[in-house]
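Fold and contact review
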Amino acid sequence: MNVANGEISREIGDINLAYMLLAQKLVKQDRVAAMFRLGVSRELADMLANMSLAQIVKLAASNFLLCSFRLDEHASMSAVVGEGKDTMLQQAHMSILMSARNLQGQKEAATV
């Protein structure tokens, strides 16, 4: 592994650790809101809340980002960040898209 790859791996680990600690904090403060904000199931929220610091640090050391874009379609991302939208309108649009995805996920889970 060259120096650049080592640096990138360290930075990914730093992001993972910050994300995991934030996710756990959100879940412990308000599980329902955290489930919506993070896009995670009740089972995963419970797991996050009960993870030890050692478990979080070990998981964060991965070379893969643990967080991901929730707007994984170009059209959705473009609609949210389009020119001329102020911050409040962008946040409202993002909330609508995330709510729709959440409902879609619940419908898919109910049919399984």
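Just so it is clear, the structure is predicted and the values come from calculations on it, not from any experiment. (Residues numbered from 1 in each chain as written. Predicted model: local features only at pLDDT ≥ 70, side-chain atom pairs only at ≥ 80, totals over all residues. Heavy atoms only, no water.)

**What to know about helix α1 (residues 3-29)**
Formally: Helix and strand labels come from DSSP, where a helix needs a run of H or I of at least four residues and a strand needs a run of E of at least two; each type is numbered from the N terminus. Given the number of residues in a helix, its expected span is that number minus one, multiplied by 1.5 Å. Whether a residue is buried, partly exposed or exposed follows from its accessible area with a 1.4 Å probe, protein chains only, as a fraction of its type maximum: under 20%, in between, or over 50%, in that order. What makes two residues a contact is simply this: any of their non-hydrogen atoms within 4.5 Å.
Between its first and last C-alpha atoms α1 spans 39 Å; for 27 residues at 1.5 Å apiece the expected length is 39 Å, and the two agree. Buried within α1 we find Ser 9, Ile 12, Gly 13, Asn 16, Met 20, Ala 23, Gln 24, Leu 26 and Val 27. Each element contacted by the buried residues of α1 is listed here: α2 (31-38), α3 (42-50) and α4 (53-60).

**Quick word on the side chain of Gln 24**
Just so we agree on the cut-off: Any pair of nitrogen or oxygen atoms within 3.5 Å is treated as a polar contact; in protein, a donor-acceptor pairing is required on top of that, and neighbouring residues in sequence qualify only through side-chain atoms on both sides.
One can find Gln 24 in helix α1. A distance of 2.9 Å separates the side chain of Gln 24 from the backbone oxygen of Leu 48, its partner in a polar contact. Apart from the residues lying within four places of it in its own chain, the contact partners of Gln 24 are Leu 48, Ala 49, Met 51 and Ile 56.

**Here's the deal with α2**
Residues lying three or four places apart along an α-helix face the same way, a consequence of the helix completing one turn every 3.6 residues. Our working rule: The arc in question is formed by the directions pointing from the helix axis toward the C-beta atoms.
Within the span of α2, buried status applies to Ala 34, Met 35 and Leu 38. On an axial view of α2, the arc spanned by its buried residues comes to 105 degrees, and they lie on one face. Turned more than 90 degrees away from the buried face of α2 sit Val 32 and Arg 37, all of them exposed. The elements touched by buried residues of α2 are α1 and α3. Just downstream of α2 lies Gly 39, where phi reads positive at about 70 degrees.

**A few points about the packing of α1 against α2**
Stated formally: Interaxial angles span 0 to 180 degrees and are taken between N-to-C directions of axes, which are lines fitted to C-alpha atoms, for helices over the stretch in contact. Roughly parallel refers to an angle under 35 degrees, roughly antiparallel to one over 145, roughly perpendicular to one between 65 and 115, and oblique to any angle outside these ranges. Put simply, a crossing is left-handed when the front helix is turned counterclockwise from the back one by less than a right angle, and right-handed when it is turned clockwise. Ten residue types, Ala, Val, Leu, Ile, Met, Phe, Trp, Tyr, Cys and Pro, are classed as nonpolar, four, Asp, Glu, Lys and Arg, as charged, and the remainder, Gly among them, as polar.
At a minimum axis distance of 6 Å, the contact between α1 and α2 shows a crossing angle of 140 degrees. In terms of axis orientation, α1 runs oblique to α2. In this structure, α1 meets α2 at a crossing whose hand is right-handed. Residue-level inspection shows Tyr 19, Ala 23, Leu 26, Val 27 and Gln 29 of α1 in contact with α2, the latter providing Arg 31, Ala 34, Arg 37 and Leu 38. Of the residues belonging to the contact of α1 with α2, the class tally is six nonpolar, one polar and two charged.

**Some points on the pattern of salt bridges**
Counted only if it meets this: When a carboxyl oxygen of Asp or Glu is within 4 Å of a side-chain nitrogen of Lys or Arg, the pair counts as a salt bridge.
Evaluated as defined, the whole model comprises three salt bridges. With a shortest N-O distance of 2.9 Å, Arg 10 and Asp 14 are connected by a salt bridge. Separated by four residues within a single helix, Arg 10 and Asp 14 lie in helix α1, roughly one turn from each other. Classification of Asp 14 as partly exposed rests on a relative accessible area of 42%. Taking the shortest distance from any N to any O, the salt bridge between Asp 46 and Arg 31 comes out at 2.4 Å. Of this pair, Asp 46 sits in helix α3 while Arg 31 sits in helix α2, placing them 15 residues apart in sequence. The partly exposed category is assigned to Asp 46, whose relative accessible area is 30%. Through salt bridges with shared partners, a single network forms among Glu 7, Arg 10 and Asp 14.

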